[in-house]
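Structure at a glance
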Amino acid sequence: MSKVVVVTSGKGGVGKTTTSASFATGLAMRGHKTAVIDFDVGLRNLDLIMGCERRVVYDFVNVINGEASLKQALIRDKAHDNLFILPASQTRDKDAFTTEGVGKVIDELRESFDYIICDSPAGIEKGAMMALYFADEALIVTNPEVSSVRDSDRILGILGAKSKRAEEGLEPIKEHLVITRYSASRVATGEMLAIEDIQELLGIDLLGVIPESGAVLQASNAGVPVVRDEVSNSGQAYQDLISRFLGEELPMRFLDTEKKGFLKRLFGT
Amino acid sequence: MMSILDYLTRNRKKTASVAKERLQLILSREHATASGPDYLPALQKELLAVVSKYTHIDLDDIKINLEKDGDCEILELNIALPEAENKVA
């Protein structure tokens, strides 16, 4: 049975696209046939993070408008042949998104994919509402910072009221908290909200904590999702997150301040 | 005399807990508004119209608060009248 998972946050710049790319790639690495959709009409970026920007021919809006078939628009990932990207349109306006049009595409994807990951744009406009509307589960990407926590809370309210599941009175969307850009050392000095604080404020289950790391920028530079960087803390944290999503019980890692030895201090990690 | 260590850690120590307290307050307030009935803003405006017939007040002078106490909901209305103006009139 296929699952639609929205990656959302309300606030921009917290790591939605990074998380979507790594989450989708990680699921595909474990053998699940996965599609990842960019809902950010006008500000396409998932293609860059996935490293397929030069292979975009048709986009999501073309498919909705019947100008291209889904098969034509889906881009197959170079490294994993069970992973596909549906890019956002760069030029059209978001009025192209109708519940009916998006619903048809999602239904068609459900027929052949295990997981459909919806990368939401920031804000609570049409694109964001459409990205979450059909979701079965949600990853709420949150930074340990006041405006991000508030916006996540707002998005949780919307998931519970404006989604298809909410409107039809079905079982509610399963919500998972993903904390990104976490810095253990700053939490230790009391200058950053701790994980327990964020969890207590938002009241949802914690799926993963991604530590602040230079590896994320390097991954986006290269167009290779950070989950494929097996050496970096962030890559490993995303792998753990995916294992937990698939039902494994794993302890959270990278939550404590690392005691850096002399050599580590000298050469960094 | 304050030591250098105190100086360095002075401002940092409590900002995370300040953040948490501020969030707790604002989120609970926003939840109250979100869960309240839709007619509260309209009620506030109509009350303003009625009171304005007799004296001058601003929309901000009407405070409407809906509180839940177990199963019981309490609608609290608080209308502040301008004192000085009443005397002049």
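In what follows, the structure referred to is the one given above.
Now for a look at the structure at hand. Since the structure is predicted, the reported quantities are computational estimates derived from the model, not experimental observations.

**Thoughts on the side chain of Thr 8 of chain A**
All names here are of chain A. Summarising the element assignment, Thr 8 is placed in strand S1 (residues 3-8). Classification of Thr 8 as buried rests on a relative accessible area of 1%. Setting aside its immediate chain neighbours within four residues, Thr 8 contacts Lys 16, Ser 120, Leu 139, Ile 140, Val 141 and Ile 155.

**What about the packing of aromatic side chains?**
All names here are of chain A. Tallied over the full model, the rule gives seven aromatic pairs over all chains. Note on Phe 23 and Phe 245: the rings are 4.9 Å apart at their centroids and 90 degrees apart in plane angle, and the pair reads as edge-to-face. Of this pair, Phe 23 sits in helix H1 (residues 16-29) while Phe 245 sits in helix H12 (residues 233-245), placing them 222 residues apart in sequence. A single burial state applies to Phe 23 and to Phe 245, both of which are buried. A centroid spacing of 5.6 Å and a plane angle of 80 degrees characterise the contact between Phe 84 and Phe 113, whose relative ring orientation is edge-to-face. Residue Phe 84 is located in strand S4 (residues 83-86), and its partner Phe 113 is located in the loop between helix H5 (99-112) and strand S5 (115-119); the two are separated by 29 residues in the primary sequence. Taken individually, Phe 84 and Phe 113 each receive the classification buried, so the pair is uniform in this respect. Site record: aromatic cluster; members linked through ring pairs are Phe 23, Tyr 115 and Phe 245.

**Remarks on the side chain of Asn 143 of chain A**
Residues and elements named next belong to chain A. Counting through the fold element by element, Asn 143 comes out in the loop between strand S6 (137-142) and helix H7 (146-162). Under the relative-accessibility criterion, Asn 143 is labelled buried at 11%. Among the polar contacts listed, one links the side chain of Asn 143 to the side chain of Thr 180, at a separation of 2.8 Å. For Asn 143, the contacting residues outside a window of four places in its chain are Gly 13, Val 14, Ser 148, Val 149, Thr 180 and Arg 181.

**A closer look at the pattern of salt bridges**
All names here are of chain A. Scanning the entire structure with this criterion turns up eleven salt bridges over all chains. Measuring nitrogen to oxygen at the nearest pair gives 3.1 Å for the salt bridge that ties Glu 137 to Lys 3. Within this pair, whereas Glu 137 is found in strand S6, its partner Lys 3 is found in strand S1, the two being separated by 134 residues in sequence. Residue classification places Glu 137 among the buried positions, given a relative accessible area of 5%.

**Notes on the packing of H7 of chain A against helix H10 (residues 195-202) of chain A**
All names here are of chain A. For the pair H7 and H10, interaxial distance at closest approach is 10 Å and the crossing angle is 35 degrees. Remark: the crossing between H7 and H10 carries right-handed chirality. Touching Val 149, Ser 152, Asp 153 and Leu 156 of H7 are Ile 198, Leu 201 and Leu 202, all from H10. Counted by class, the contact of H7 with H10 contains five nonpolar, one polar and one charged residues.

**Here we look at the sheet that holds strand S3 (residues 75-76) of chain A**
Residues and elements named next belong to chain A. Read from one edge to the other, the open sheet built from eight strands follows the order S3-S4-S2-S5-S1-S6-S7-S8, with strand pairing classed as mixed. Whereas interior strands pair on both sides, the edge strands pair on one side only; in this sheet they are S3 and strand S8 (205-211). Across the sheet, H7 touches S1, S6 and strand S7 (174-182), and the angle it forms with S6 is around 165 degrees.

About the criteria used
- Residues numbered from 1 in each chain as written.
- Chains lettered and ligands numbered in written order.
- Predicted model: local features only at pLDDT ≥ 70, side-chain atom pairs only at ≥ 80, totals over all residues.
- Heavy atoms only, no water.
- Helix = DSSP H or I, 4+ residues; strand = E, 2+ residues; numbered from the N terminus.
- Buried < 20%, exposed > 50% of the residue type's maximum accessible area, 1.4 Å probe, protein only.
- Contact = heavy atoms within 4.5 Å.
- Phe/Tyr/Trp six-rings, centres within 6.5 Å; stacked < 30°, edge-to-face > 60°.
- Polar contact = N/O pair within 3.5 Å; in protein donor to acceptor, adjacent residues only side chain to side chain.
- Salt bridge = Lys/Arg side-chain N within 4 Å of Asp/Glu carboxyl O.
- Axes fitted to C-alpha atoms, helices over the stretch in contact; angles between N-to-C directions.
- Left-handed = near helix turned anticlockwise from the far one by under 90°.
- Nonpolar A, V, L, I, M, F, W, Y, C, P; charged D, E, K, R; others polar.
- Pairing = 2+ DSSP bridges.

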